[in-house]
Amino acid sequence: MSSRITWFNRELIIYIFRSTGWIGFLYLVGLIFALPLEMLAIILNENNEYVEFENLFSCQQMIQFVLVIVIPVLLAIFLFRFLQMKQASDFIHSLPITRRSIYIHMIGTGIGFLGLPILLTGLILILFHSAIDIETLYTMPDIWSWMGNTFILEALIFSVAVLIGMVTGLSAFQGLLTYIFLALPVGLFVLFSANVKFLIAGFSADYYLSSNMNGISPLLAATEMEKIYFFSINTLIYSILTLLFLISSLFLYERRKLEHVSQAFVYPKIKPLFKFGLTLCMMLFTGLYFSETTGQPGWIFFGYTVGSLLGYYLGEMVLQKTWRIRVNLKGYAAFIVAIIVLALIIKIDPLHYKAKIPDEKMISQIYIGNSPLFFEDGDTSDNASNYLKEKENIEAIRLLHQEIIDKGKKVSIGELNDGQSVFLMYELKNGKRLAREYHLQNYDSYKPLLAKIYESNEYKKMVNELLNVTAGDVSKIKITASGQVDKSITITDGQQLEAAVKALSEDLNNQSFDQMTSSFGDYASIDILLHNDKTIYMNWDSSYTQFSKWMESTGQSEKARLMVDDVSYILVAKTDSKVYHSYSESEIAQQIEQQPNRLKIKTASEIETAIDNAQIDWGGEYSAVFYYKESRDVDIKSFSGEHVPGFILDHFNER
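Quantities reported herein were computed from a predicted structural model and do not represent experimental measurements.

Thresholds, definitions, all that
Residues numbered from 1 in each chain as written. Predicted model: local features only at pLDDT ≥ 70, side-chain atom pairs only at ≥ 80, totals over all residues. Heavy atoms only, no water. Salt bridge = Lys/Arg side-chain N within 4 Å of Asp/Glu carboxyl O. Helix = DSSP H or I, 4+ residues; strand = E, 2+ residues; numbered from the N terminus. Buried < 20%, exposed > 50% of the residue type's maximum accessible area, 1.4 Å probe, protein only. Polar contact = N/O pair within 3.5 Å; in protein donor to acceptor, adjacent residues only side chain to side chain. Pairing = 2+ DSSP bridges. Axes fitted to C-alpha atoms, helices over the stretch in contact; angles between N-to-C directions. Contact = heavy atoms within 4.5 Å. Phe/Tyr/Trp six-rings, centres within 6.5 Å; stacked < 30°, edge-to-face > 60°. Patch = residues over 30% accessible without salt bridge, like charges linked within 9 Å, V, L, I, M, F, W, Y side chains within 5 Å. Areas by Shrake-Rupley, 256 points an atom, 1.4 Å probe, with all protein chains shown as cover. Expected span 1.5 Å × (residues − 1).

A. The pattern of salt bridges, seen in detail. The tally for this structure, following the rule as stated, stands at eight salt bridges. A salt bridge links Glu-254 to Arg-100, with the nearest nitrogen and oxygen atoms 3.1 Å apart. Taken together, the positions of Glu-254 in helix α10 (residues 233-255) and Arg-100 in helix α5 (residues 99-131) put the pair 154 residues apart, joining distant regions of the chain. Exposure remark for Glu-254: the relative accessible area of 29% places this residue in the partly exposed category. Residues Lys-447 and Asp-444 are paired through a salt bridge, measuring 3.5 Å at the closest nitrogen-oxygen approach.

If you want it as structure tokens, here you go:
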């Protein structure tokens, strides 16, 4: 009997359906449960008539996410499982069909098992949409977008899983490596950004880490599928990558040696890449861990050393498939030398990253703040901006930036002290951005330069929303007393609203740099409700002299703010940061009560002075417990600097 090689092999198709057909069926059931059945339940339930979705990805989002990231990997593993099993491999490759044809059969059916359930589910949704008026739930463009995006994302994950299957001889390893490969771009970026800040002063890791990175990893993109546009650069890149991965998989499959089953990697050249890649990731991860937990340079280098050794050992263990291995120290030594050379290059800064300040003519606008975590793109309202544009402020910020560089700034590794940080974001006229973040150990020496910027009218308008509205925009003001006190008032009278807004605006315009950066004398919280339903939140403290005078003149002060009569007494002790910052308010109060040299403040005049000068945070040199007459709860505050009352200094013999 003569044999004949054809592109279509019936036996192979039957084999594929028997071994992997259940995955396609499982996927179809999952999609129907997640979308058509959910829609049907909403349509039949009259109580759900107001249910709305942003798009179809928002319906049973978790189920869709699991299906998208699990089904393609399962499919790739079971389709090419014959490469990891000797009997199956012998059977498939004994068929009168070429490897290229086998590969096309496998990929074709795999794409079909992914695409057909999406198509059938989409048709059911189209049927619902045609038969029932459900425009509020989804539209026809929503269906096409859902079908297209889901298929593109799954095809990419499937192609990655197939590619990984071509280089490994273990099915479980194929699944694990697929997810590592998919998350690798984001993981490496996070680890690199978080570690490079130790080498380059001014590098703002938090700024880059807070930006949207989901697009560079399809695994993370699947968590926010509702944000993917069908016709976008991301979907185009995903499609091109899918094609490249499938072509690369075919290239590797045609050159794969069939006897390489049950081996971690069938291509020896990949082994060093895996081993040193794992070593690098473990080194960066443990260094970052000790940086965030201890902040000490010694511990960070300890983390680098332990992480690199552990990663190198794990890499050898996986490749040799045993934990009883002999570590090749030459390879590890070569890795360490390469890392040191790379670190030195970054530290030397051949691109002059550390000294770069944009020319004034190139700058469009600048953002300045304490941390990139507070930076928001765009305008805060119709009238306010997040950026400074005036020439004087741009010059002042450039001068500040140059001063930081010239004085020899020091980066405080791992310290979480936002009060001593400066974040700068230059928006250039060519559309580019330049971000820098400095944790200044000598922060006080920069205060004159910072004050010039912070006390400008433009900056105050940028950070205070109230300065960008008029009294006519305000519908009411609610003032609630601070502390464990049940007092509040609401102002709705037009004339009173105008007077209150005017007084508050004057106080904000008159604030000094110190008053803006530190809050002393916390009286009450102020909620200013605007006619557009937005609310401006403020704190009323002792620096608001105009507003305090107006409240007293109208007789509303005692009804709205913390007063001397509300406080029973105050206990003061010298701050012990090692003790006080580790406990809750009640535990800290107990600690202060047990201090033998604590000061008890009971007289009205001293309590009033204490209220006016206490700061909300616990960072002052003296800690204070406020006890109230009508509450058993306490407040912990502190005193620092020139705001420490004289009678406290006298008690502790420090004046």
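The rest of the description comes next.
B. Up close: the side chain of Thr-150. Inspection of the secondary structure puts Thr-150 in helix α6 (residues 140-167). Among the polar contacts listed, one links the side chain of Thr-150 to the backbone oxygen of Trp-146, at a separation of 2.6 Å.

C. Focus on the sheet that holds strand β10 (residues 622-628). Taken in spatial order, the four strands make up an open sheet running β9-β8-β10-β11, and their pairing is antiparallel. Every other strand in the sheet has two partners, leaving β9 (599-601) and β11 (634-639) as the edge strands with one partner each. On average, each strand axis in the sheet is inclined to that of its neighbour by 25°, with strand direction left out of account. By the bridge criterion, three bridges tie strand β8 (residues 567-574) to β9 in an arrangement that is antiparallel.

D. Summary view of unusual backbone geometry. At Gln-60, a position not held by glycine, the phi torsion is positive, near 50°. With respect to the helices, strands and loops of the structure, Gln-60 is situated in the loop between α2 (36-44) and α3 (61-79). With a phi close to 70°, Asp-533 is a non-glycine residue in the positive phi region. Along the polypeptide, Asp-533 turns up in the loop between β6 (522-530) and β7 (535-541).

E. Region of the structure containing the sheet that holds strand β2 (residues 421-428). With antiparallel pairing, three strands are arranged side by side in an open sheet as β1-β2-β3. Pairing within the sheet leaves two strands with one partner each, and these edge strands are β1 (363-369) and β3 (433-439). In this sheet, neighbouring strand axes are inclined to one another by 15° on average, regardless of whether the strands run parallel or antiparallel. Bridge count for β2 against β3 is seven bridges, and the pairing is antiparallel. Bridge pairing in β3 places Leu-424 opposite Arg-436. Sitting on the sheet, helix α14 (residues 391-406) is in contact with β1, β2 and β3, with an inclination near 60° to β1.

F. View of the side chain of Ser-638. For Ser-638, the location among the structural elements is in strand β11. Only 2.7 Å separates the side chain of Ser-638 from the backbone oxygen of Asp-617, close enough to count as a polar contact. With residues up to four places along the chain from it excluded, the contact list for Ser-638 reads Asn-613, Ala-614, Gln-615, Asp-617, Trp-618, Gly-619, Gly-620, Tyr-622, Ser-623 and Ala-624.

G. Broad picture of the pairing of β6. Examined bridge by bridge, strand β4 (residues 474-481) and β6 share seven bridges and lie antiparallel to one another. Opposite Ile-479, over in β6, you have Ile-526 as the bridge partner. The pairing of β6 with β7 spans seven bridges and is antiparallel. Counted as the bridge partner of Asp-527 is Tyr-537 from β7. Taking the residues between adjacent antiparallel strands as the criterion, β6 and β7 are bridged by four residues, where Asp-533 takes a positive phi near 70°.

H. Structural context of the packing of aromatic side chains. This model, assessed by the stated rule, comprises 29 aromatic pairs. On the numbers, 6.3 Å between centres and 45° between planes, the contact of Phe-203 with Tyr-353 is tilted. Of this pair, Phe-203 sits in the loop between α7 (171-196) and α8 (205-210) while Tyr-353 sits in the loop between α13 (329-348) and β1, and the two are 150 residues apart along the sequence. Aromatic side chains Tyr-523 and Trp-540 sit 5.5 Å apart centroid to centroid with 85° between the ring planes, which places their arrangement in the edge-to-face category. Within this pair, whereas Tyr-523 is found in strand β6, its partner Trp-540 is found in strand β7, the two being separated by 17 residues in sequence. For Tyr-523, a relative accessible area of 6% translates into the label buried. Taking the relative accessible area as the measure of exposure, Trp-540 reaches 0% and is therefore buried.

I. Structural context of the environment of Gly-169. Topologically, Gly-169 is positioned in the loop between α6 and α7. Among the residues examined, Gly-169 registers a relative accessible area of 1% and is labelled buried. The sequence separation of Gly-169 and Leu-258 amounts to 89 residues, and the corresponding C-alpha distance is 9.8 Å. Dropping the residues within four chain positions of it, Gly-169 is found in contact with Gln-84, Arg-256, His-260, Val-261, Ser-262, Gln-263, Ala-264 and Val-266.

J. Spatial organisation of a nonpolar patch on the surface. A cluster of nonpolar side chains, Ile-233, Leu-236, Ile-237, Ile-240, Leu-241 and Leu-244, forms an exposed patch at the surface whose accessible area comes to about 530 Å². One can find Ile-233 in helix α10. The class of Ile-233 is exposed, set by a relative accessible area of 57%.

K. Quick peek at the pairing of β8. One ladder, built from seven bridges, connects β8 with β10; its direction is antiparallel. Within β10, the residue paired with Lys-574 across the bridge is Tyr-622.

L. Here's a closer look at helix α12 (residues 297-320). A rise of 1.5 Å per residue sets the reference length of α12, with its 24 residues, at 34 Å; its end C-alpha atoms lie 35 Å apart and thus fit the reference within 8%. Three or more residues of α12 are buried, namely Ile-300, Gly-303, Tyr-304, Gly-307, Ser-308, Gly-311, Tyr-312, Gly-315, Glu-316 and Leu-319. Against the buried residues of α12 lie α7, α11 (270-293) and α13. Following α12 by one or two positions, Lys-321 adopts a phi angle in the positive range, close to 55°.

Read these as geometric descriptors, not functional statements.
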